[in-house]
Every structure is written in structure tokens, then in C-alpha cells.
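# Observations on the model geometry
Listed below, chain by chain, are the residues.
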Amino acid sequence: MIAYDYDVIIVGAGPAGTTAAARIASTGMSVLLLEKYPLPRSKTCGGGVTRRALQKMPVDITPIIRESIDSLIVFNQGAKKQVFTHHRPYLFMVMRDELDYLLANHAIACGTKIETGEAVKHIEETKDAVIVSTKSKQYQCRYLLGADGVNSTVARLCGLAKEKQKILALEYEVAQGPTYMQEHPRSIMIDYGAVANGYLWVFPKHDHYSIGVGSFGTKAQDLQAILHQFLERHAIMDAVIDAKGHHLSLGGRSLKVATKRILLLGDAAGFVEPFGGEGIYYAVYSGEIAANHVIEQGKQASRDLSGYQALIEREIMPELTMLSKVNDVFYPNIGLIHRMITRYPQFMHKGFSVLEGEKSYVKVYPVLKRVLSAGKGIGLIARYFG
Ligand SMILES: Cc1cc2nc3c(=O)[nH]c(=O)nc-3n(C[C@H](O)[C@H](O)[C@H](O)COP(=O)(O)OP(=O)(O)OC[C@H]3O[C@@H](n4cnc5c(N)ncnc54)[C@H](O)[C@@H]3O)c2cc1C
């Protein structure tokens, strides 16, 4: 009989790890969450929680929401400003230290034990157990969940998600924003075209703004120069409080994310959509899927987690794969798309309803593709929109 220290060990106290921990611990299984940093810890992130992500959160996050967003200011290369207002908030602004701390405390309330300042250094999977080592301690568990972010140690040590694609994005916290942000309360700003194959964003955080830039393309670009130019143009360079960069994983390719006893979740598995960079939703969703699978398999005699791979292929991959195709048609045609949404704002409202969880990207993509390739192709439509 194996003496397990815990039924489940989860590595990483981001939204993926804490969601899974709360759900598993609330069934009475013993759960240890290992986190490298003391909590609360900061995380470089825009902190935009879509309504669909909000609805998946394991606990009410209203107390830490800094702004509820119902409008979107869109620029194309700093020009052609358009403002779209939805009938209700589709996005909620948070600071990640506050969100992740709230989720971690919920996981503790559900029965999770958390050890902070404990980075996982070594992992050994045997037939009956997983042995997890930090600098000073060693634990034996039945199952291990790797929710340790884009540069996952668990993935690396276990040979999982090997071909994960990564990009770099910059995120600055700035005391002031461009003046148009005050003219349009409850708005975020997105400038497509500020950078090739990506966008620059301004997210309001009540007492400051999160301003960042990222590109999903492979072409090397000087993101810092682009962001600094923007800050200079709006005379807010001196208002920068904090400046950071961090990797984002780009989902869309099918990667191995499970063994018999080890699963990857969230960014560790590469679950960030490669069109807009939304990752919190997929972190929480994969946390939920992994937790349900662990609970289910824990009850079975086989106790084999590898069926998680098929669950991910069914629940998460179709959307990520399709969004990488959207990326291929969206960014190269950004001028046309901008003209299209200006003329037909209902396209933008379709986008809002996806972020709200009312429609799925999988349903919207064929419409976008049809529109873009209607008649004799993009050129025809471009001429039509003139
Ligand atoms: C600049 C930028 C802006 C973004 N903006 C948005 C946005 O507005 N909206 C959105 O939905 N997504 C956004 N994302 C993506 C989002 O931040 C991630 O998808 C999300 O944080 C993934 O959550 P996670 O729980 O998988 O991992 P993380 O949040 O990265 O958490 C991983 C945890 O694991 C810990 N850890 C790492 N290694 C170890 C180890 N060896 N041992 C123990 N612990 C370890 C880390 O300290 C961390 O606490 C953005 C990302 C970037 C880089």
C-alpha cells in the first residue's frame, strides 16, 4: 500500500491551479498547492476578465473588479477612431495580484493546503505515484497538476507541451491615460495596426491604466519603441509606474498535455487564444475540466488520467485552432476589417457576444470567413467598401 502525502499536488497558484484546487479539495480529497512566490504576488497581465471568464470563476470576484467595461474605442494605426457601446458590460478589469489572491483564499477555504515560496525542482512519475521535490522538501502524491504558467517547469521536466509557441508582450502600469479615455467612461482602447499582427491596448484600472502591446506574428518588432512612442505622443511617459514584459503562450496546435498521473492546465499547456490573447478564461476552464477528471478517475479502479487529452481536444482545442485561423485572415486584412466594422457595427456586437459567452468563436468564424471571401474574394469586398 502506497503512503501518499496528498491525493493531488498542484503546482502554481494562478487562476488555473486555484480553480482546480478549490474544486478537488471541496470533494474531500487532500490537495497541496505549491507556489513559487509569497502571495499575493504580481502577474504581468492586462487583467481583462471577459464575462464568459467571470461566469466560470469558482467564486464571486465582484469585490475586486476595478471597472466594468461596456464600450470599446478602436483605432487603426492611431487613426480612424471608432467607439462601440454594448448594452451591458462584456469585460471586467482586475489587478492580477488581487484576483489570484482571492482565488487562492477560496481554494484554502475549500480545504486546500498552500505552501508558498516553494518552487518545484524535480518530478518523478512512477507506476503508482508522483514524487515532487522542491529545494527542501519531497512529497508523494497520487496525481500532479502542472498549472505553473507559460514557462512551466512541470511541462519541461515531464516532456509535455514540447512545441508550445511563445510570444513576448509588454505591460506598463501608468498613472494617467490618453485624454480620450476620460471622454469615454467604461471603455477600453485597442489600436490594431499599432503593431503588425497584434495590437496595443489601454485598460482602465480605476486609479491608473494598464497599457501594453503584443504581436502574435513571428516578425521581430521593437515593441518597446512602439509603446514608448505611444506614451510620448500622449505625454504620459513620465506617468509610468511600472514596466514589465512577459511571455504568452499561443494555443492552436495540439500538444501532449497528459500522462497517466500528470496533467497540464492553463498557460502551462499553452491554452491562450492566439487572436486576442485571452488566457484567464482557458486557465479557469481547463482547471475545471482537470478537476472534474481527477475527481472522476479518483473514484475508478483504473486511476488513469490520460483521458484528459481527449477532453481538451473536445472542449478547448477546436476554439483555439479556429482562432489561429481567424488570426490568419484578420490581421493581414485589418484595413478592410476596420472599414467593415465601421460600416456594420453589428460585427463588433457579435464579437461582444462571444466575449460574453453568448456565442462561440466556432460559430462566428464561418461568418467572418464567408464575409471575407464572399463574391470574388477580399479584393471585391475591399472595392465594395471603397
Ligand atoms: C502582457 C500580458 C497581458 C495579458 N492580458 C490578458 C488579459 O487581459 N486577459 C486574459 O484573459 N489574459 C491575459 N493574459 C494571459 C493571462 O495572463 C494568462 O493566460 C493567465 O495568467 C494563465 O493563468 P495560469 O493559472 O495558467 O498561469 P499563471 O497565472 O501564469 O500562474 C502560474 C503560477 O505558477 C507559479 N509557478 C511558476 N513556476 C513554478 C514552480 N516551478 N513551482 C511553483 N510555482 C510555480 C507562478 O509563480 C504563478 O503564480 C495576458 C498575458 C500577458 C503576458
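Thresholds applied
- Residues numbered from 1 in each chain as written.
- Predicted model: local features only at pLDDT ≥ 70, side-chain atom pairs only at ≥ 80, totals over all residues.
- Domains from an automatic or database assignment.
- Contact = placed C-beta atoms within 7 Å.
- Axes fitted to C-alpha atoms, helices over the stretch in contact; angles between N-to-C directions.
- Helix = DSSP H or I, 4+ residues; strand = E, 2+ residues; numbered from the N terminus.
- Parallel < 35°, antiparallel > 145°, perpendicular 65-115°, else oblique.
- Left-handed = near helix turned anticlockwise from the far one by under 90°.
- Nonpolar A, V, L, I, M, F, W, Y, C, P; charged D, E, K, R; others polar.
- Buried ≥ 20, exposed ≤ 12 C-beta atoms within 10 Å, placed from the backbone.
- Pairing = 2+ DSSP bridges.
- Near = placed C-beta within 6 Å.
- Core = buried A, V, L, I, M, F, W, Y, C linked by C-beta atoms within 7 Å.

Each domain of the protein was delimited in the assignment, giving domain 1 (1-47 + 95-163 + 252-315), domain 2 (68-88 + 165-250) and domain 3 (321-385). Distance from the C-alpha centre of domain 1 to the C-alpha centre of domain 2: 31 Å. Taken together, the contact between domain 1 and domain 2 spans 14 residues of the former and 15 residues of the latter.

Right, let's talk about the packing of helix 1 (residues 15-25) against helix 3 (residues 96-109) for a bit. Where helix 1 meets helix 3, the axes come as close as 8 Å, and the angle between the chain directions of the two elements is 20°. Here helix 3 runs roughly parallel to helix 1, going by the angle between their axes. Between helix 1 and helix 3 lies a crossing of left-handed hand. Note on element contacts: helix 3 touches helix 1 through D100, L103, A104, H106 and A107, opposite P15, T18, T19, A21, A22 and A25. Looking at the contact of helix 1 with helix 3, its residues break down into 7 nonpolar, 3 polar and 1 charged.

A few words on the environment of R314. You can see R314 is positioned in helix 8 (residues 308-315). Classification of R314 by C-beta neighbours within 10 Å gives exposed; the count is 10. For R314 and K256, which are 58 residues apart along the polypeptide, the C-alpha to C-alpha distance reads 14 Å.

On to the sheet that holds strand 14 (residues 198-204). With respect to topology, 7 strands assemble into an open sheet ordered 6-5-13-14-15-12-16, the strand pairing being mixed. Unpaired on one side and paired on the other, strand 6 (79-85) and strand 16 (240-250) mark the two borders of the sheet. Within this sheet the neighbouring strands show an average axis-to-axis angle of 20°, counted without direction. Judged from the 7 bridges that link them, strand 14 and strand 15 (residues 209-215) form a sheet pairing that is antiparallel. Bridging across to strand 15, Y199 finds its partner in G214. Here helix 6 (residues 223-233) sits on the sheet in contact with strand 12 (165-174), strand 14, strand 15 and strand 16, set at roughly 25° to strand 12.

A few words now on the site of the ligand. In the region of the ligand, 39 residues are neighbours, and G12, G14, G46, G266 and G279 sit closest. Of all the elements in the fold, those that place two or more residues in the shell around the ligand are helix 1, strand 2 (31-35), strand 12, strand 16 and helix 7 (280-299). Here the residues of the shell around the ligand sort into 17 nonpolar, 14 polar and 8 charged. Each of domain 1 (1-47 + 95-163 + 252-315) and domain 2 (68-88 + 165-250) accounts for three or more of the residues forming the shell around the ligand.

On to unusual backbone geometry, then. For the peptide bond that leads from L39 to P40, omega is -5°, which places it in the cis range. Residue position: P40 is located in the loop between strand 2 and strand 3 (48-50). Residue R186 is not a glycine yet carries a positive backbone phi of 60°. Here R186 shows up in the loop between helix 5 (180-183) and strand 13 (187-192).

Counting residues in hydrophobic clusters, the biggest one holds 106 residues, and the most contacted among them are I9 and L265. Per-element accounting of this core gives the leading share, 10 residues, to helix 7. With residues up to four places along the chain from it excluded, the contact list for L265 reads A16, G17, A20, L145, G146, A147, A283, S286, G287 and A290.

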